[in-house]
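# Residue-level structure breakdown
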Amino acid sequence: MENNTFEQGERLQIKAAVLEFNVGGNTMWVQSPDGGTIFRIKCSGKITVDQCQNSPISHSDVMVTGDIHFCVSNDLIE
């Protein structure tokens, strides 16, 4: 990452290796290929799981009120 300024609407990518969570827990972790947490999502309730009916890909939607602040390091995909 040579440019420390980012434009509004610019799409950034950070390589992720795995998403992990405990069923019934309240936190999801997105881990980097190096094993560090790059994104943590916490909810005030609990994480539930069911079988996907219309998609071959596991997925979840998370809605957040307010801003999300992201600390960007040198691990951006160029």
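Our structure is the block above this text.
Note that the structure is a prediction, hence the values are computed from the model and not measured. (Residues numbered from 1 in each chain as written. Predicted model: local features only at pLDDT ≥ 70, side-chain atom pairs only at ≥ 80, totals over all residues. Heavy atoms only, no water.)

### Considerations on the overall build of the chain
- Scanning the chain from terminus to terminus reveals zero helices and three strands.
- Going from the N terminus to the C terminus, the chain shows its helices and strands as β-β-β.
- The C-alpha atoms of the chain give 15 Å as radius of gyration, which overshoots the globular expectation for 78 residues (12 Å, by more than 25%).
- Oriented by its inertia axes, the alpha-carbon framework of the chain measures out at about 45 × 30 × 25 Å.
- When each of the 78 residues of the chain is scored for burial, the buried share is 10%.
- Restricting the contact set of the chain to residue pairs at least 6 apart, pairs at least 24 apart contribute 33%.
- Carbon and sulfur atoms make up 46% of the accessible area of the chain, which amounts to about 7,200 Å² in all.
- Here the chain contributes 5 positive and 10 negative side-chain charges, whose respective centroids are spaced 11 Å apart. (Helix = DSSP H or I, 4+ residues; strand = E, 2+ residues; numbered from the N terminus. Rg over C-alpha atoms; globule rule 2.2 N^0.38 Å. Buried < 20%, exposed > 50% of the residue type's maximum accessible area, 1.4 Å probe, protein only. Contact = heavy atoms within 4.5 Å. Areas by Shrake-Rupley, 256 points an atom, 1.4 Å probe, with all protein chains shown as cover. Lys, Arg positive; Asp, Glu negative; His and termini not counted. Charge placed at Lys NZ, Arg CZ, Asp CG, Glu CD.)

### Brief notes about the sheet that holds strand β2 (residues 27–31)
- Strand order in this open sheet of three strands is β1-β2-β3, and the pairing throughout is antiparallel. Strands with a single pairing partner mark the edges of an open sheet, and in this sheet they are β1 (18–21) and β3 (37–42). Neighbour-to-neighbour, the strand axes of this sheet turn through a mean angle of 20°, independent of strand direction.
- Two strands pair when backbone bridges link them, and β2 and β3 are joined in this way by five bridges, in the antiparallel orientation. Counterpart to Met 28 in the pairing with β3 is Ile 41. (Pairing = 2+ DSSP bridges. Axes fitted to C-alpha atoms, helices over the stretch in contact; angles between N-to-C directions.)

### Here we look at the state of the cysteines
- One pass over the full model with this rule turns up zero disulfides.
- Its sulfur unpaired, Cys 43 is 18 Å from the next cysteine sulfur, which belongs to Cys 52.
- Of the residues examined, Cys 52 reaches a relative accessible area of 28% and is grouped as partly exposed. (Disulfide = S-S within 2.5 Å.)

### As for the pairing of β2
- Within β2, four of the five residues are buried, leaving the element largely enclosed by the surrounding structure.
- As paired elements, β1 and β2 share four bridges and run antiparallel to each other. Within β2, the position partnered with Phe 21 by the bridge is Met 28.
- Hairpin geometry of β1 and β2 is characterised by an intervening segment of five residues between the two adjacent antiparallel strands and by a positive phi of about 90° at Gly 24.

### Examining the side chain of Gln 31
- Along the chain, Gln 31 falls in strand β2.
- Owing to a relative accessible area of 11%, Gln 31 belongs among the buried residues under this scheme.
- Separated by 3.2 Å, the side chains of Gln 31 and Glu 20 make a polar contact.
- With near-sequence residues (within four places) excluded, Gln 31 lies in contact with Ala 16, Ala 17, Val 18, Glu 20, Gly 36, Thr 37 and Ile 38. (Polar contact = N/O pair within 3.5 Å; in protein donor to acceptor, adjacent residues only side chain to side chain.)

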